[in-house]
Amino acid sequence: MASGPIQACCVQGFKYDGTPIGHIEPSFVNTQFGPVDAYIAEPTVDGEKHGILFIPDVIGHSSTNAQLLADQFAARGYHVVIPDLFYGDAIEASNFYNIDLSKWQLGHYSDRKLAHDPASIDPIIEGCIKKMKTEFGIKRLGAVGYCFGAKYVVRFLKEGSFDVGYSAHPSFVDAEELAAITKPFSISAAENDDIFTVAGRHQSETILKQAGVPWQIALYGGVSHGFAVRGDMKDKKQRFAIESAFSQAVDWLKFHLDD
């Protein structure tokens, strides 16, 4: 496995200051499991009709941090969508230690008992891709995934889905999934990470070399898993890493979407 399953570090961190300027769209897509809401951030500058599907961590689409990051991508000219991967069953950071992760993944805390796995999440990604390309008129579509969301960037990094992908401190990515990508992929990695470990990072490097696609792994020292979306902005060193990881994502997406 290129990166391991979620742990406590997946919800630890800091809430960013600021007020998101996008909006929640109810029933953005509908799957066989039910309607899926999404946070929408419209571009605030003119540019090509490109989009980003922002695939969040286990805190989900209603996370202030995720929404503020989506707004930052929109400020660079992208149409950004963050879908609710969990049909209303995302983990609240304040409630994390009352949740058994294995039971949550099986949907035991949801009325529908719907497992949070590819069987339920892939249809959401497929629906979002279709809607963004057809109804939004998106010409080229990138994806960014944080922690849990990275798996679904990788799973759809192929012809007809995402044109380019970026992830920060990925979790749950299988080596076989990574080996199957056919589009450019960039990763922001943390020095201190029990999920995307040194061994997992080196394994990923080998796999990406063999995949033959443009790739990049940037390692940020002195930070931990989750830093790119939940790091301490008041800590100078962490803030530098957070902002650098965001710049890495923006530069990577721009280079491959605008070519």
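Computed from a predicted structure; not experimentally measured. Counting of residues starts from 1 at the beginning of each chain's written sequence and follows it residue by residue. Side-chain atom pairs in this predicted model are given and counted only at pLDDT of 80 or more, local residue features only at pLDDT of at least 70, and totals for whole chains, interfaces and linings cover all residues. Note: side-chain values were computed over all heavy atoms of the structure, leaving out hydrogens and water.

Visitor: I'm lost on the overall build of the protein in this one. Help?
Guide: Per the convention used, a helix needs a DSSP run of H or I reaching at least four residues, while a strand needs a run of E reaching at least two, with both numbered from the N terminus. A count of helical and extended segments in the protein gives eight helices and eight strands. Each radius of gyration is computed over the set of C-alpha atoms, and the globule rule expresses the reference value as 2.2 Å times the number of residues to the power 0.38. For 259 residues, the compact-globule estimate of 2.2 N^0.38 gives 18 Å, and the protein sits close to it at 17 Å. Expressed as lengths along the three principal axes of its C-alpha atoms, the size of the protein is roughly 45 × 40 × 40 Å. Partly exposed residues are those whose accessible area sits between 20% and 50% of the maximum for their type, while under 20% is buried and over 50% is exposed, using a 1.4 Å probe and protein chains only. Taken over 259 residues, the protein has a buried fraction of 57%. When checking whether two residues touch, look at their non-hydrogen atoms; a contact exists if any pair is within 4.5 Å. A separation threshold of at least 6 residues defines the contact pool for the protein, and within that pool the share at least 24 residues apart is 71%. All accessible areas in this document rest on Shrake-Rupley with a 1.4 Å probe, and a residue is counted as covered only by the protein chains that are shown. Accessible surface for the protein amounts to roughly 11,100 Å². Of this, 50% is attributable to carbon and sulfur atoms. Here the protein holds 23 positive side-chain charges and 32 negative ones, and the gap between their average locations is 2 Å. When charges are counted, Lys and Arg are positive and Asp and Glu negative, with His and the chain ends excluded. Each charge is placed at NZ for Lys, CZ for Arg, CG for Asp and CD for Glu.

Visitor: Which parts of the structure should I look at to understand the nonpolar core?
Guide: Among soluble globular proteins, nonpolar side chains are generally buried collectively. Joining through side-chain atoms within 4.5 Å is the link that ties buried Ala, Val, Leu, Ile, Met, Phe, Trp, Tyr and Cys residues into a set, and such a set is a nonpolar core. F28, I125, F148, F162 and F185 are the most contacted members of the largest nonpolar core, which totals 48 residues. Here this core gets six residues from one element, more than from any other, and that element is helix α3 (residues 118-134). If we ignore the near neighbours within four places in the chain, the residues touching F162 are L53, I55, I125, I129, L141, G142, A143, Y152, V153, F156, L157 and K183. Within the second largest apolar cluster, 33 residues are counted, among which are A66, I82, V223 and I242.

Visitor: Explain the sheet that holds strand β5 (residues 140-146) to me, please; I cannot follow it from the model alone.
Guide: What makes two strands pair is DSSP finding at least two bridges between them. Taken in spatial order, the eight strands line up as β1-β2-β4-β3-β5-β6-β7-β8 in an open sheet, and their pairing is mixed. Of all strands in the sheet, those bounded by a partner on one side alone are β1 (23-31) and β8 (215-224). The sheet shows a mean angle of 25° between the axes of neighbouring strands, taken without regard to direction. Relative to strand β2 (residues 34-41), β1 runs antiparallel, the two being bridged by six bridges. Within β2, the position partnered with T31 by the bridge is G34. Whenever a helix is involved, its axis is fitted only over the stretch in contact; in every case the axis is a line through C-alpha atoms, and angles between N-to-C directions fall within 0 to 180 degrees.

Visitor: Sorry if this is basic, but what is going on with the pattern of salt bridges here?
Guide: Two side chains of opposite charge can pair, provided their charged atoms sit close to one another. The salt bridge criterion pairs a side-chain nitrogen of Lys or Arg with a carboxyl oxygen of Asp or Glu, the two atoms within 4 Å. Under the counting rule described, the total for this entry stands at nine salt bridges. One salt bridge in this structure joins K131 and E25, with 3.6 Å as the shortest N-O distance. With K131 in helix α3 and E25 in strand β1, this residue pair connects regions lying 106 residues apart in the sequence. Across the pair D57 and R230 runs a salt bridge, and its minimum N-O distance is 3.2 Å. A residue pair is termed long-range when its members are at least 10 positions apart, and D57 in the loop between β3 (50-55) and α1 (64-74) and R230 in helix α7 (residues 227-230) qualify at 173 residues. Judged by relative accessible area, D57 falls into the buried class, the value being 4%. Through salt bridges with shared partners, a single ionic network connects D122, K151, R155, D174 and E177.

Visitor: I tried to follow unusual backbone geometry on my own but got confused; where do I start?
Guide: The phi angle of most residues is negative, glycine excepted, and most peptide bonds adopt the trans form. Despite not being glycine, C147 shows a phi value in the positive range, around 55°. Even without being a glycine, F172 presents a positive backbone phi close to 65°. Note that F172 resides in the loop between β6 (164-168) and α5 (175-179).

Visitor: Before we go on, may I ask you to explain the packing of aromatic side chains in this structure?
Guide: Note on ring pairs: Phe, Tyr and Trp rings are taken, using the six-membered ring of Trp, and paired if centres are within 6.5 Å. Classes follow the plane angle, with under 30 degrees stacked, over 60 edge-to-face and the rest tilted. If you walk through the whole model with that rule in mind, you get 13 aromatic pairs. Ring geometry for W104 and F148: centres 6.2 Å apart, planes at 75°, overall edge-to-face. With W104 in helix α2 (residues 101-105) and F148 in the loop between β5 and α4 (150-155), this residue pair connects regions lying 44 residues apart in the sequence. With a centroid separation of 5.4 Å and an interplanar angle of 50°, the aromatic rings of Y220 and F227 are classed as tilted.

Visitor: Honestly, the environment of V250 in this entry has me stumped. Any pointers?
Guide: Looking at where V250 falls in the secondary structure, it is placed in helix α8 (residues 236-257). When its relative accessible area of 11% is taken as the criterion, V250 is described as buried. Measuring from C-alpha to C-alpha, the distance between V250 and Q72 comes to 9.6 Å, with 178 residues separating the pair along the chain. Sequence-distant contacts of V250, that is, excluding residues within four places in its chain, are made with F73 and R76.

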